[in-house]
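# Understanding the architecture of this molecule
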Amino acid sequence: MPSSSPVDMKLAKCKHVKYFLRNLKLMPARASSYDSTRLALAFFCISGLDILKSLDVFDEAERKSTIDWIYGLLVEPISPERGDDWDRCGFMGSSTFKFATDGSNEPSPYSSGHLTMTYTGLATLLILGDDLSRVNRRALSAGVRALQQENGSFCASLEGSENDMRFVYCAAAVCYILQDWSGMDVQKAVNYILNSISYDYGFGEGPDLEAHGGTTYCAVAALSLMGQLETCLSSKQLNGLRRWCISRQMSGFQGRPNKPVDTCYSFWVGATLKLLGVYHLIDYDQNKELLLSSQDSTIGGFSKWVDSDPDPMHTFLGLGGLALMSDEDLEEVHPGLNMSERALSHLHSIHKKWMS
Ligand SMILES: [Zn+2]
């Protein structure tokens, strides 16, 4: 049987809405190992529903209770005036390790923010229409700053973690959202990014590492949020980078040369090309065909590869990849912050209030 052309294939919108709701409300037991990143999972689902223009599946009580749940994951300063415990501030991924196990309601020794959760927590609050008024911005910025390393990169949390480009991006996104760049030594972060350019002009996780679509997105989006993308890279580097990204398109996109295509890179590499101003040079039809072939039209969701199991992250990023091509059924997505333009304009109205 001939395969369907992209013109024949339709986005299974209702199935994807149900898929996200199922993952928000009823995760299977085998997902329990993701407990510590529950907030990121909620971000994939809620931001995905936003891209699908379907946030109206939540009534007002559900929207408010979700906002309250997210604020419940915020590690706040015990002494807001003194500032001596601000290093720990940020969002945790779940409440499991927030409090001591003796029932005293005291913070556990593991109670501290995680950069990815702080970014996804703030982003989800914005998507749900919250005004961030319950966030202590100075304390949160101090929590970000405490995670920057001597080489300019960031760790995820005070408990110790890898430090690489992923967390440089998360730190830049948090600073941008809070409009407070005291959360990082920007020059050090820029130097780390510049030291991570590979010989082929993509970016690795850090210096001397292989270029990769995900870390290239993190580097380029971080520079863009810092307002440094056009100024700190030479035109030779920018053109080499554009060429590296465009060369990642096979049908959809691969993350590295000689790797198979994967749904998520239609967003990671696609958004990078948007930020670099050359997205129009990709083959839209092939990209769309790959993405629509990766959706599960029975239970909803997108998978990493055609005919494999869907997961929330690839569903969110698959939709983001489609939205970059300006699909009228989908919200437009801002390539730098990885949230809808709708949520971003809400953020900009909050920024105006903060400045007045
Ligand atoms: Zn992937």
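Whatever comes next refers back to the structure up there.
Residues numbered from 1 in each chain as written. Predicted model: local features only at pLDDT ≥ 70, side-chain atom pairs only at ≥ 80, totals over all residues. Heavy atoms only, no water.

## Some words on helix α8 (residues 213–226)
What counts is decided by this rule: Where helices and strands are cited, they refer to DSSP runs of H or I of at least four residues and of E of at least two residues respectively, numbered from the N terminus. For a helix, the expected span equals 1.5 Å multiplied by the number of residues minus one. When a residue's accessible area, from a 1.4 Å probe over protein chains only, is under 20% of the maximum for its type it is buried; when over 50% it is exposed; and in between it is partly exposed.
Taking 1.5 Å of rise per residue, 14 residues should cover 20 Å, and α8 covers 20 Å from first to last C-alpha, within 8% of that figure. Within α8, 13 of the 14 residues are buried, which leaves it mostly tucked inside the rest of the structure. G227 occupies a position one or two residues after α8 and carries a positive phi of about 75 degrees.

## Regarding unusual backbone geometry
Most peptide bonds take the trans configuration, and most residues that are not glycine carry a negative phi. Of note in the backbone geometry, D208 takes a positive phi value of approximately 65 degrees without being a glycine. Along the chain, D208 falls in the loop between α7 (186–194) and α8. Judged by relative accessible area, D208 falls into the exposed class, the value being 80%. If you check the backbone angles, S326 has positive phi at about 55 degrees while not being a glycine.

## Brief notes about the coordination of the zinc ion
Filter applied, for reference: Atoms are scored as donors when they are N, O or S and lie within 2.8 Å of the metal, with 3.2 Å used for Na, K and Ca; no water is included, so coordination may look incomplete. When four donors show all angles between 85 and 135 degrees the site is tetrahedral, when four or six donors have opposite pairs over 155 degrees and all other angles between 65 and 115 it is square planar or octahedral respectively, and in every other case it is irregular.
In this structure, D262 (OD), D262 (OD), C264 (SG) and H314 (NE2) serve as the protein donors to the zinc ion, at separations of 2.1 to 2.6 Å. Considering all four donor atoms around the zinc ion, the spread of angles at the metal, 52 to 115 degrees, places the coordination shape in the irregular class. Of note, the zinc ion draws all its donor residues from one chain, in the sequence arrangement D-x1-C-x49-H. Highlighted residues: C264 in helix α11 (residues 263–275) and H314 in helix α13 (residues 312–323), separated in sequence by 50 residues. When sorted by exposure, C264 lands in the same class as H314, which is buried.

## Side note on the packing of aromatic side chains
Stated precisely, the cut-off is as follows: Geometry of aromatic contacts follows a simple scheme: Phe, Tyr and Trp rings, the Trp one being its six-membered ring, pair when their centres are within 6.5 Å, and the pair is stacked under 30 degrees between planes, edge-to-face over 60, tilted otherwise. Placement of a charge over a ring requires the Lys NZ or Arg CZ to be within 6 Å of the ring centre, with the centre-to-atom vector within 35 degrees of the ring normal.
Under the defined criterion, the tally for this structure stands at 11 aromatic pairs. Between F267 and W268, the aromatic rings sit 5.7 Å apart at their centres with planes inclined by 70 degrees, giving edge-to-face as the arrangement. The exposure classification of F267 matches that of W268, with both residues buried. An aromatic cluster of at least three residues, connected via ring pairs, comprises F43, F44, Y119, Y169, Y217, F267, W268 and F316. Against the face of W244 rests R248, its NZ or CZ located 4.8 Å from the ring centre. Stacked on the ring of W305, the Lys or Arg K304 has its end atom at 5.0 Å from the ring centre.

## Observations regarding the side chain of T272
Note the cut-off: Between two residues, a contact is recorded if the distance between any of their heavy atoms is within 4.5 Å.
By the element assignment, T272 lies in helix α11. Each residue touching T272, except ones within four places of it in the same chain, is listed here: T216, Y217, V220, C245 and F267.

## With respect to the environment of S235
Checked against the element boundaries, S235 lands in helix α10 (residues 235–246). Residue classification places S235 among the exposed positions, given a relative accessible area of 54%. Measuring from C-alpha to C-alpha, the distance between S235 and C175 comes to 27 Å, with 60 residues separating the pair along the chain.

## Some points on the pattern of salt bridges
What counts is decided by this rule: When a carboxyl oxygen of Asp or Glu is within 4 Å of a side-chain nitrogen of Lys or Arg, the pair counts as a salt bridge.
Applying the stated rule across the entire model yields 12 salt bridges. With a closest N to O distance of 3.2 Å, E150 and K188 form a salt bridge. Here K188 lies in helix α7 and E150 lies in the loop between α5 (137–145) and β3 (154–155), a separation of 38 residues in the sequence. A salt bridge links E210 to R256; its shortest N-O distance comes to 3.2 Å.

## A closer look at α11
Over its 13 residues, α11 runs 19 Å from end to end, which matches the ideal 18 Å to within 8%, given 1.5 Å per residue. Considered for burial, the residues of α11 that qualify are T263, C264, Y265, S266, F267, W268, V269, G270, A271, T272, L273 and L275. In this structure, the buried side of α11 is in contact with α8, α9 (229–232), α10, α12 (284–293), α13 and β5 (333–334). Just downstream of α11, G277 is the residue with a positive phi angle, here 75 degrees.

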